[in-house]
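Residues per chain are reported as follows:
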Amino acid sequence: MNKAYYVGVFLLLIGFSCSNKKTGVSGQEKVNTKEPNVLLIYTDDLGYGDVAKYGGQIPTPHIDELAADGMLFTNAYATAATCTPSRYAMLTGEYAWRAKGRGVAPGDASALIRPDRETLPSVMQRAGYRTGVIGKWHLGLGGDEGPDWNGALKPGPLEIGFDYSFIIPATGDRVPTVFVEDHHVVGLDPEDPIQVSYRDKVGDRPTGKEHPELLKMMWSHGHNHTIVNGVSRIGYMAGGEATLWRDEDFAQTFVDKASQFITQESDKPFFLYFATHDIHVPRLAHEKFQGTTGFGPRGDVIAQLDWTVGELMKLLKERGMEENTIVIFSSDNGPVLDDGYEDQARELIGDHKPWGTLRGGKYSAFEAGTRVPFIVKWPAQIEGGKTTDAMVSQVDLVGSFAEFLGQKYNAQQAVDTQNAWPALVGEDPKGREGLVQEALFSNLAYIRRDGYKLIPANNGPDMVPWGPVIETGFTNKDQLFDVKNDPGETKDISLTSPKIMEEMKFALQQIKDK
Ligand code: NG6
Ligand code: CA
């Protein structure tokens, strides 16, 4: 081959690497906003009023800074008032209630999102992104036979569009209390295999029910099975001694993994789904945060969450990635005080209102169940410090990123997603026309962007029937609220606004029939 060929190839490579180069704040070149990095920070059980910028009393300077540098949404929604269905819908673009079996998953559930599904990470992957998930999964692992903790854990995140995965399989309060990296439990010794049961006791580790004296945090309802790290969990687990986590190290571990993922050498932009364990129970902040807020363990994990956000932002800044990384910050469902451990969340709440001006909380059909903090920061495109009332739903991330990145997506599968890109970047002040909110027992509510909200009649209990003291919003007659003027849903106007009521019922039915 002649010299000209080599020179040609050389120039081509130079040109290629330049055109792919993203520059940071200090870079001279123009930022390529066509392929920004995307960091989706998804918190757990963080309420609408839990962030200082949303009115909370516990300082959250780093999250507030996200809002100061980005855009704060006042009408953003998770699709459900519990974790698994919210995550399912956000990652697939389909409301979870369309099929049975997508409620809060036990720790030994099979993979809920099957490999042939359209997903947010697949859209990103097809658009040329390297994709990762770090943190809480809670969407099941393995085929119909369930997860094989001692073998290859698949299907899982890697089969639905993630290139890398470092997860806790379910939640911190469920066994197995292990990390899973890609397909395997981290640090497993084959001589000490893991056994998990959600029915009968396995192995001889003590349980919280039999040995409460061994606990560093007492259970209040449920959560009295196998004790690991001084905390009893839901479910029984034997073996895997070398794999057991220390809850206090979650935040640092996830930040370290995120750092490795983000700083990896690559020509590709990244998409990282960073799902914190905070502020779910058990609330065991690292020692350096314990007792720092005066609001007890619940306050301390909020401080830890805020620290996490700060660390991630520092990382982006150091790498010159701040300018062209889209950071989305939100929560999977609303707040809860006592969710199964005696951590004094209720006793020490003081003037802090995790639900803000809203009624209800986690599990509830009232607003605080699904209306959540939502901040989008993208310095290259979004002017900082703005607030928007546009109505957005997390189910729209699939459609929005597909549209932005010029990717087709399977709309037969992702039936509920829409393109909300203009609202997400502050160009559409209105957003969605309406959206469905899923509460406990798959009971649905529907809210329109003009603020009217329908909670159809159902036979559910008026309070969450186990420990948490939370109003469900359920009654055996249809209720209509004007949430815009009555955010606390205090006045049922169904009798005085029968026409709106009929319209709303019709709209909800149409969505259900889709
Ligand atoms: C409930 C648990 C609660 C929490 C929730 C799921 C009991 C008594 N309560 O069943 O502690 O784990 O499930 O929370 O077991 S979520 O945010 O992951 O949906
Ligand atoms: Ca949750």
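These numbers come from a predicted model, not from an experiment. (Residues numbered from 1 in each chain as written. Chains lettered and ligands numbered in written order. Predicted model: local features only at pLDDT ≥ 70, side-chain atom pairs only at ≥ 80, totals over all residues. Heavy atoms only, no water.)

Concerning the sheet that holds strand β6 (residues 184-185)
Part 1 of the reasoning: One open sheet accounts for 10 strands, arranged β6-β5-β4-β3-β11-β1-β12-β13-β2-β14; its pairing is mixed. Each end of this open sheet is capped by a strand with a single partner; those strands are β6 and β14 (386-393).
Part 2 of the reasoning: As paired elements, strand β12 (residues 325-331) and strand β13 (residues 374-377) share four bridges and run antiparallel to each other. Opposite Ser330, over in β13, you have Phe374 as the bridge partner.
Part 3 of the reasoning: Each of β1 (37-43), β12 and β14 is contacted by helix α7 (residues 397-404), which is oriented at about 170° to β12, the strand it contacts most. (Pairing = 2+ DSSP bridges. Helix = DSSP H or I, 4+ residues; strand = E, 2+ residues; numbered from the N terminus. Contact = heavy atoms within 4.5 Å. Axes fitted to C-alpha atoms, helices over the stretch in contact; angles between N-to-C directions.)

As for the nonpolar core
Part 1 of the reasoning: Counting 101 residues, the largest nonpolar core has Leu39, Trp137, Tyr273, Phe329 and Phe401 as the members making the most contacts within it.
Part 2 of the reasoning: Of the residues forming this core, the biggest block, 10 residues, is contributed by helix α6 (residues 296-318).
Part 3 of the reasoning: When residues no more than four places from it in sequence are discounted, the contact partners of Phe401 are Val38, Leu120, Val123, Met124, Ile326, Ile328 and Trp421.
Part 4 of the reasoning: In this structure, Ala89, Leu435, Ala439 and Leu480 belong to the second largest nonpolar core, which totals 34 residues. (Core = buried A, V, L, I, M, F, W, Y, C linked by side-chain atoms within 4.5 Å. Buried < 20%, exposed > 50% of the residue type's maximum accessible area, 1.4 Å probe, protein only.)

Some points on the pairing of strand β4 (residues 164-168)
When a strand is regular, its side chains alternate between the sheet's two faces.
Part 1 of the reasoning: With five of its five residues buried, β4 lies for the most part within the structure.
Part 2 of the reasoning: Along β4, one buried face is formed by Tyr164, Phe166 and Ile168 and the opposite face, lined by Ser165 and Ile167, is buried too.
Part 3 of the reasoning: Sheet topology note: the strand β3 (residues 130-136)/β4 ladder contains five bridges and is parallel. In the sheet register, Val133 faces β4, and the bridge partner there is Ser165.
Part 4 of the reasoning: Relative to strand β5 (residues 180-181), β4 is paired through two bridges, and the arrangement is antiparallel. Along β5, the bridge assignment pairs Phe166 with Glu181.

Points about the UniProt feature "domain: Sulfatase N-terminal" (unreviewed entry) in the protein
Part 1 of the reasoning: Per the UniProt entry, the sites bearing "domain: Sulfatase N-terminal" (unreviewed entry) are residues 36-406 in this numbering.
Part 2 of the reasoning: Segment residues 36-406 splits into 19% helix and 18% strand. End C-alpha atoms: 14 Å apart. (UniProt positions renumbered as here; feature names shortened; annotations may be inferred.)

Quick notes on the site of ligand 1
Part 1 of the reasoning: Near ligand 1 lie 20 residues; those nearest to it are Cys83, Asp173, His223, Asp339 and Lys362.
Part 2 of the reasoning: Side-chain polar atom of Lys136 to an oxygen atom of ligand 1: 3.1 Å apart, as the coordinates give it.
Part 3 of the reasoning: In the model, an oxygen atom of ligand 1 is placed 2.9 Å from a nitrogen or oxygen of the Arg174 side chain.
Part 4 of the reasoning: Residues that form the shell around ligand 1 fall into these classes: six nonpolar, seven polar and seven charged.
Part 5 of the reasoning: Composition of the shell around ligand 1 by domain shows at least three residues from each of domain 1 (37-187 + 239-432) and domain 2 (195-234). (Near = heavy atom within 4 Å. Polar contact = N/O pair within 3.5 Å; in protein donor to acceptor, adjacent residues only side chain to side chain. Nonpolar A, V, L, I, M, F, W, Y, C, P; charged D, E, K, R; others polar. Domains from an automatic or database assignment.)

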